[in-house]
Structure formats: C-alpha cells, structure tokens
Amino acid sequence: MLTMPLLAWGCLNLLFSTSLGTVILCDKIEERIGLPCRLKSVTWSPWSGVTVSEFRVFAPDQLEKEEAILVVGETRVDVAWSSLLKGKKRWERLEADQLELNVSLEVLHGILGRSMEAPSRQELAARPIDEEELSAPDPSEQAEDQSVNVPVPPVAREDAPAGGDHENPSSTPAEDFEGVVILSNARVKIYSERAPALSLTLEKIEGEIPLWGSSREGEVSCEKIEISEGISEVGFSIPLVWRNDAVSVIEHSLEVFGLDLELSAAVKVTAGFPAGFQIKLPEQQIDLSSVVRERKSPLSVGSLTSRSRLQGFLSFPASFKGSSVTRFEDLVIEDPRDEGDMRFDRGVAMFVVSAAGVVARDIRAVGEQDAVLANGFASATGEAAATVRIVSSPDRAESHAKRVRMADGNLLMDFQPLITPDREFRDIRIEARDGTLMMDLGEDRSWVSFFAAAKAILGQQNTELPNLP
C-alpha cells in the first residue's frame, strides 16, 4: 500500500532537484508573475512541507547577465492539508530566509510599464496631462481634518480581477485556520542607474505577518535605514493587526531621519488584494542636523505638514492611484560655502499619481526676495517635462546669475524683467530626451545635462567660490 506513494514522492523529489524539473516550475511561475526566474532545487515531504532553494527573479532583459533583482536563499512552506482538501491554497507557515531585493528605479519603471497598457509616446507628447487618466483626487480638495484609521480598499473597477460576493466584514465569522509569514535576514535596496548617488537601503528586515483565522497581532522590523552613502539611521518596528480578512497598520507613529510620521495601511486578503496606504506628517519643525551630523544643516523649515495616499489592487498595478499634498512655512536653504541663503515664507507641493504617470500640479515657494513656481509630469512610458519659474528681486537675480556663470559647463541663467520693475524672472525648461534628463541652462538656452548642471551649480566640482550678495 505504501510502495506507490513512497515511489511517487521519491520520483517527484528527484525530478525537481534536476534542471528539467526546476525549469518546469520556473515556467509556471513566470506565467503568473511575468518575469523570468531560476531556482536551484525543490524538495517536499508530508511532514516538513516544501523547501525551495536559491530562488531568483530577473528583469526581462537581465536573464542572460545573471543579474537577479530578487533572491531568496531558502523558502519553506508548511502546507495546510485540511485547507487543500477544502479547495483553498493555504499554508500554516511560510518562511523566507535571506531575501534580497536589489533593483533600480529604471528597471522598476520598465517592469511596471509592461504591466500597464500605457498610451503611445506620441499621444503623451501631444497630451502630457490628461485629467481622465490622471483622475486621482485633487489633493488640494482633501479636507484638512479628515482622518483615516485604516485606508479603505478601493472600489473594484470593471477591468479589475473578478471577485466574489461582497460581504460585510464585521459579519464574516472568524475561521479556526491560522497561518503566518515569517521573514528573516531580508534586505532591500532601491537605487537609480542615472544618479548612482541616489539610493535607499533597508538592512536586516525581520517580520511575522499573521494571516487567516481570528484577530491577531504581528510585527515587521528593520535594523538600519540608509539613504545614499553615509546617511544612515537606526531602523524601526511596525506593529501589524490581522482583522476582518485584512493585514493592517493603524496610525502607527515613528520617527525617520528627524521626521515624525504616522503610517496607516491595509491589505485585504481577497481577490485582487485591494490595498491602501497613507503617510501623514503632523505639523512639525524640521532641520537636517540629525542627518548631516558633522556639518551645519543646509535646510530648516519652521512648520511642515503633509499627507500622502495610495490605493489600488496589488495584483493589478495599473489600478493604483494616489495623491500627496505638502505645505510649509519659514523655509530657509543655506549655502555653507558663502553663508548665502534663500528664504521662503510659505509654500506648497501637490502631486497626483496613476497608471499614466506622476503629475506635479502645483509646486511653489514664496518669499520676500525670491519665489519658485513649478509644474510638470513624468509618464509611465518615460516622457517627462517640467517648467520652473524663478522670480527674484534685481539684486537676487544678479546673485543667482553670477553663481550659475561661475559654475563649470558654460552655464547661463539670464533673467528678464517682469511686469513690475522690482522683479525679474527666468523660466527653466526640463525635459527627458533620449532617456536623459536635460535642461535649457546652457549658453543661448542650449540644452545641458540636468544632473551635471546641478552638480556644477552646487559646487561639487569647485568649492572655492567668493561670497555672493
């Protein structure tokens, strides 16, 4: 009686320890996630579950280079047989050890672009801002006193994954079956290929995430956060709650790089995995002393408040929409080279994001001597454009122009008189051209590299500058 099951078990383990078996599994996984993958071996036993060794996921054009964007050293799944007998694909325990995500913004952009039916480049170039496609709520219309304990999952769209009948979560009886996801020794790094100095790294992520069954608590923690090189801070822990078929974070307060944040989130474990996220910055005073440490902080804000939201279906990235609004007062930006500064009495930054891209609806900082006004967009297909208007008093305009002329790269910022005689202005155009961000800051308004010009103006190549008025 036991001979055939034992023989089948042995053959399956032998098959999935060979390249033929692993290729079969990887092909099945690729059909689901849309990305090529590789794994070393898979073993299974009725008493210890399934173990997957060295699972790797690649960007579509990186498979031949063997540069994986996601690596999981070992995954162990304790399958719930009672759940399988009832037709539910569940587990009692899923452990992911030594997970490492190492991906660039450019690769993420390409992956997301493939999952969305974005408009053509020509259409977006002719119509950069389409209110129907970029239909996230206008952040300026959000009620200031509106509070969200747990973000509400989005309403299903006609093109979203089909789901079952909607039930009142509070009336859904809790089931006895319980599961958990365990993360250990995880690491996440997101960086930019075009700006290598720009990166975000989360070190040693640990977590216990409850699923199914009665209401329970869990936690996800991170030992260290690092931005670019040399800017790091001790990590954080975030409590989780499993309740009403959702994993939630309920208005959790934390401090990151001197910012007081309130995080709320919810992911519903149902068809499509509807999710909502919100980050609030209560009114607070800001400086970067804790970040720059040994140097004087180049920026301070007397009052800052912000609210950012994002919601959609995790299995349907094109459904995500969000908005962000940030307001500030008494902003001071100092140049440590010559003790010059720019002061703004008040300002606001409003963004909306959707499958079509990101739109900066209104960015402005207004002060007595200077004002900066900007808007622009970046599309999912790689198009980007923005206009920045700098308005200054004649003395300040001369100072800004002189600073730009002294930078390397034959740069020129020629101001023009505004309607009133006590103000001058300069419009700076920024565009993505052939995959490179450019700006018209060269002589005769010629186009130059945005990042190279920014480095030159900020003095990273030449710090021996005389005092400027």
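Description of the structure in this document.

### What about the nonpolar core?
Alright, step 1. Phe55 and Ile69 are the most contacted members of the largest nonpolar core, which totals 48 residues.
Alright, step 2. Setting aside its immediate chain neighbours within four residues, Phe55 contacts Ile29, Cys37, Arg38, Leu39, Leu70, Val71 and Val72.
Alright, step 3. Ranked by size, the runner-up nonpolar core spans 17 residues in total, among them Ile390, Ala397, Ala407 and Met413.

### Here's the deal with the environment of Ser315
Alright, step 1. Position of Ser315 among the secondary structure elements: in the loop between β13 (299–313) and β14 (316–335).
Alright, step 2. Exposure remark for Ser315: the relative accessible area of 45% places this residue in the partly exposed category.
Alright, step 3. Taking the C-alpha atoms as reference points, Ser315 and Ala275, separated by 40 residues in sequence, lie 9.9 Å from one another.
Alright, step 4. At 3.0 Å, the side chain of Ser315 forms a polar contact with the backbone oxygen of Gly272.

### Some details on helix α7 (residues 394–406)
Alright, step 1. Under the 1.5 Å per step criterion, the end-to-end length of α7 is 18 Å for 13 residues, consistent within 8% with the ideal 18 Å.
Alright, step 2. Looking at α7, one finds that the buried residues are Arg396, Ala397, Ser399, His400, Ala401, Arg403 and Val404.

### Some remarks on the pairing of β13
Alright, step 1. In terms of strand pairing, strand β12 (residues 274–287) meets β13 through 11 bridges, oriented antiparallel. Its bridge partner lying in β13, Leu281 is registered against Ser306.
Alright, step 2. Bridge analysis of β13 against β14 gives 13 bridges, and the strand direction is antiparallel. Across the sheet, residue Arg307 finds its bridge partner in β14, namely Val325.
Alright, step 3. Turn length for the β13-β14 hairpin, with the two strands adjacent in sequence and antiparallel, is two residues.

### Here's the deal with the packing of aromatic side chains
Alright, step 1. A complete count under the given rule lists one aromatic pair for this structure.
Alright, step 2. For the pair Phe450 and Phe451, a centre-to-centre distance of 5.4 Å together with 85° between the ring planes defines the contact as edge-to-face.
Alright, step 3. In this arrangement the basic side chain of Lys189 is found over the ring face of Tyr191, its NZ or CZ atom lying 5.8 Å from the centre.
Alright, step 4. Sitting over the face of the ring of Trp447, Arg433 holds its NZ or CZ atom 3.9 Å from the ring centroid.

### A short note on the environment of Leu437
Alright, step 1. Along the chain, Leu437 turns up in strand β21 (residues 436–439).
Alright, step 2. Since its relative accessible area comes to 24%, Leu437 is described here as partly exposed.
Alright, step 3. Here Leu437 is in contact with Ile430, Glu431, Ala432, Val448, Ser449, Phe450 and Phe451, once residues within four sequence places are set aside.

### A word on the state of the cysteines
Alright, step 1. Summed over the entire model, instances satisfying the criterion amount to zero disulfides.
Alright, step 2. For Cys26, which is in no disulfide, the shortest distance to another cysteine sulfur is to Cys37 and amounts to 3.9 Å.

Definitions and cut-offs
Residues numbered from 1 in each chain as written. Predicted model: local features only at pLDDT ≥ 70, side-chain atom pairs only at ≥ 80, totals over all residues. Heavy atoms only, no water. Core = buried A, V, L, I, M, F, W, Y, C linked by side-chain atoms within 4.5 Å. Buried < 20%, exposed > 50% of the residue type's maximum accessible area, 1.4 Å probe, protein only. Contact = heavy atoms within 4.5 Å. Helix = DSSP H or I, 4+ residues; strand = E, 2+ residues; numbered from the N terminus. Polar contact = N/O pair within 3.5 Å; in protein donor to acceptor, adjacent residues only side chain to side chain. Expected span 1.5 Å × (residues − 1). Pairing = 2+ DSSP bridges. Phe/Tyr/Trp six-rings, centres within 6.5 Å; stacked < 30°, edge-to-face > 60°. Lys NZ or Arg CZ within 6 Å of the ring centre and 35° of its normal. Disulfide = S-S within 2.5 Å.

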